[in-house]
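Coordinates in review
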Amino acid sequence: MERAVDESGAPAEHALAPARAFLSNPRRMATEHIDVRYVAGLARLELSEEETSVFQRQLDAILGHVESLSALDVAGIEPTSYPAPVYDVMREDVPGASLPREAVLRNAPDQAQDQIRVPKVIADA
Amino acid sequence: MSLSTSTLSALRKQLVAGEITAVDIVDDLASAIAARDSDIGAYLSLDLEGARAAAAGADLSLPLGGLPIALKDNINALGQPCTCGSRFLETGYTAPYDATVTRRLRDAGAVLLGRTNMDEFAMGSATENSALQLTRNPRDRERIAGGSSGGSAAAVAADLAIAALGSDTGGSIRQPASHCGVVGLKPSYGRVSRYGLVAFASSLDQIGPLTKTVEDAALLLQAIAGPDIRDSTCLDVPVPDYSEELGKGVAGMRLGIPKEYFGEGIDPQVRAHVEAAAKRLETAGAELVEISLPHTEHAVATYYIIAPAEASSNLSRFDGIRYGKRAEAPADLLDLYCRSREEGFGPEVKRRIILGTYVLSSGYYDAYYSRAQKVRTLIRKDFETAFGQVDAILTPVAPAPARKLGEFADDPLHEYLSDILTLGANLAGICGISVPCGSVASESGTQLPVGLQILAPHLAEATLLRVAKAAEL
């Protein structure tokens, strides 16, 4: 199986091409097609061939619409991250009960020795 | 009169007077659900045994004592499923805790009845993106209930629930309420804790009530509103007595009519009903003022950058490790992630994760995400300017009545564009409500409900409810 992201987590070279092309002309929004398979790899989604082609068409249409924002002058406008921002919210420093370990572990698809079990991450020596 | 067709406030009086018991209400709803929900598909799961036990022990002196409430299936309730309408959580997840709103409902004496269908992870406007079940509009079974809280709206509209909670990220309470002919309120950002709501887009999500009357919406909002140390975005500000505000009327109020919300693309019959509702409020003593929200046309583009961006981040927690779906026989950890997500998520969720990942990715972040955040400021300021002139704003909720099931299945952009009238409230963080204001006859002879949307400033739910009460038919 070929992946846009290799084992080291680095994106395959070809996958960076659209980003490079964009960076060389940063004033405009991207008009090149989104590389659905590459972006899906970044999001840890493995798509079928059919999904990839359907999403390609649909996402091109959606991106075509959102590019209308490039016509607006936003120079000097502050971004809104939250509509009602609050800062440095602290609770009282009082220890409270955590979720019961048993209740949390019960949801894990695979568990052993009171822990969640995952496939081996480190290769054999 | 059967109990299931009644309201929270009417049933409360009967309970306190000893005319009925809380178990009677659960039993009546259980019969209605058994008889009719196979046609509607509002509920994903029921906890009738738990509901009867809670009803039997309910403290009727509490504000919601003995009153059953349905929960959208993305709000955690200890010991119950929470599928989010997704294959990912269809099995293998039992909530190990109560969401804050769930805890508050229990503390107010409410009885948890069951869990309602929704678009997968609340992504959609028709509940057709539920991976688990189809929900039909109780007013016309060939049409959508709206979404994403379509199960909650349909349950209330079909008298399969007295009231329900939903969540609204871009209109997901107001639009299904409009399509099903019930009341749906999206509180201001920060009014209600989201702790225990499965996050979709954290700068936009709010939990709110779907009810049969404005009075019930006030009652339910009262129970769930207020600060919570478990959600740092939930504001530590006083919560007014909403029921007390209801009867104050609209005399002397200034109500804005934004011209951008009544233009091209709005069904003429929808516009006529909303304009008639505005006229009734004028007759009741309000002054109608034409206003402008000039950046309205950019709401869809702004929302469909910001919401998927946040969703792509929030949904990264669904990795097949701690809960829900895990792919069989993974080759390694990366294969486990990729295949669990491929098998667990439906197409709309994948589309939005890919879109969100793209607009946040290196080289595109400034062009899409940062720019959208700045346009969001412009949209927010539009409302600030408008609320300098008026107390509340009147608009349609949806451009047209409920469409037929299955239309535009292959055209997500078309569906996104129909959200334009509700997105602004989420982007600006203000509160909004949908109140039934009429109906339109379909070609098959059914009556399709039309909702009036009322928008009020941040934390001005009291104003919102006053106008809504005056507009109620």
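Since the structure is predicted, the reported quantities are computational estimates derived from the model, not experimental observations. (Residues numbered from 1 in each chain as written. Chains lettered and ligands numbered in written order. Predicted model: local features only at pLDDT ≥ 70, side-chain atom pairs only at ≥ 80, totals over all residues. Heavy atoms only, no water.)

Quick look at the layout of surface pockets
Empty pockets left among the atoms are what a rolling probe the size of a water molecule brings to light. Within this model, the largest pocket holds a volume of roughly 580 Å³. Along the lines of polarity and charge, the residues of the lining of the largest pocket split into 14 nonpolar, seven polar and six charged. Contributing elements (two or more residues each) for the lining of the second largest pocket: α3 (49-66) of chain A together with α12 (347-360) and α14 (412-417) of chain B. (1 Å grid on protein atoms, 1.4 Å probe; cavity = no way out; pocket = protein on both sides within 12 Å on 5 of 7 lines; lining within 4 Å. Points joined across faces, edges and corners; volume = space filled by probe spheres on them. Nonpolar A, V, L, I, M, F, W, Y, C, P; charged D, E, K, R; others polar. Helix = DSSP H or I, 4+ residues; strand = E, 2+ residues; numbered from the N terminus.)

Describing the sheet that holds strand β3 (residues 111-116) of chain B
Residue and element names in this part refer to chain B. Pairing in this open sheet of eleven strands is mixed, and the strands run β1-β3-β2-β6-β8-β7-β12-β13-β11-β9-β10 from one edge to the other. Bordering the open sheet on either side are β1 (43-46) and β10 (287-291), each of which pairs with just one other strand. Between one strand axis and the next, the sheet turns by 30° as a mean value, whatever way the strands run. The strands touched by helix α3 (residues 48-56) are β1 and β3; relative to β3, the strand with the most contacts, the crossing angle is about 155°. (Pairing = 2+ DSSP bridges. Axes fitted to C-alpha atoms, helices over the stretch in contact; angles between N-to-C directions. Contact = heavy atoms within 4.5 Å.)

Some details on empty space enclosed by the protein
Residues and elements named next belong to chain B. Evaluation of the coordinates by the stated rule reveals three cavities of 30 Å³ or more. Space inside the largest cavity adds up to approximately 100 Å³. What lines the largest cavity is a set of 16 residues, and nearest its centre among them are Gly124, Ser125, Gly170, Ser172 and Asp419. Its volume calculated, the second largest cavity comes out at about 40 Å³. Lining of the second largest cavity is provided by Ser178, His179, Val270, Ala398, Ala400, Pro401, Pro449, Val450 and Gly451. With three residues, the single largest contributor to the lining of the second largest cavity is strand β13 (residues 447-456). By residue class, the composition of the lining of the second largest cavity is six nonpolar, three polar and no charged.

Quick notes on the pairing of β10(B)
Residues and elements named next belong to chain B. Looking at chain direction, strand β9 (residues 254-258) and β10 are connected through five bridges and run parallel. Opposite Leu255, over in β10, you have Leu288 as the bridge partner. In this fold, the crossover linking β9 to β10 by way of helix α9 (residues 268-283) has right-handed handedness. (Right-handed = clockwise from strand over helix to strand, strands pointing away.)

Some details on a nonpolar patch on the surface
On the surface, A:Ile116, A:Val118, A:Val121 and A:Ile122 cluster together into a nonpolar patch covering about 360 Å² of accessible area. A:Val118 sits in the partly exposed class, given a relative accessible area of 34%. (Patch = residues over 30% accessible without salt bridge, like charges linked within 9 Å, V, L, I, M, F, W, Y side chains within 5 Å. Areas by Shrake-Rupley, 256 points an atom, 1.4 Å probe, with all protein chains shown as cover. Salt bridge = Lys/Arg side-chain N within 4 Å of Asp/Glu carboxyl O. Buried < 20%, exposed > 50% of the residue type's maximum accessible area, 1.4 Å probe, protein only.)

Observations regarding the interface of chain A and chain B
The interface of chain A with chain B comprises 59 residues on the first partner and 69 residues on the second. Summed over both sides, the interface of chain A with chain B buries roughly 5700 Å², with 69% coming from carbon and sulfur. Taking the shortest distance from any N to any O, the salt bridge between B:Lys350 and A:Glu51 comes out at 2.5 Å. One can count 17 residue pairs in polar contact (both at pLDDT 80 or more) joining chain A with chain B. The set of elements that each furnish at least two residues to the side of chain A that touches chain B consists of α1 (17-23), α2 (36-42) and α3 of chain A. In terms of residue count, α3(A) provides more of the side of chain A that touches chain B than any other element does, eleven residues in total. The residue makeup of the side of chain A that touches chain B, split by class, is 39 nonpolar, eight polar and twelve charged. (Buried area = accessible area lost by both parts, 1.4 Å probe. Polar contact = N/O pair within 3.5 Å; in protein donor to acceptor, adjacent residues only side chain to side chain.)

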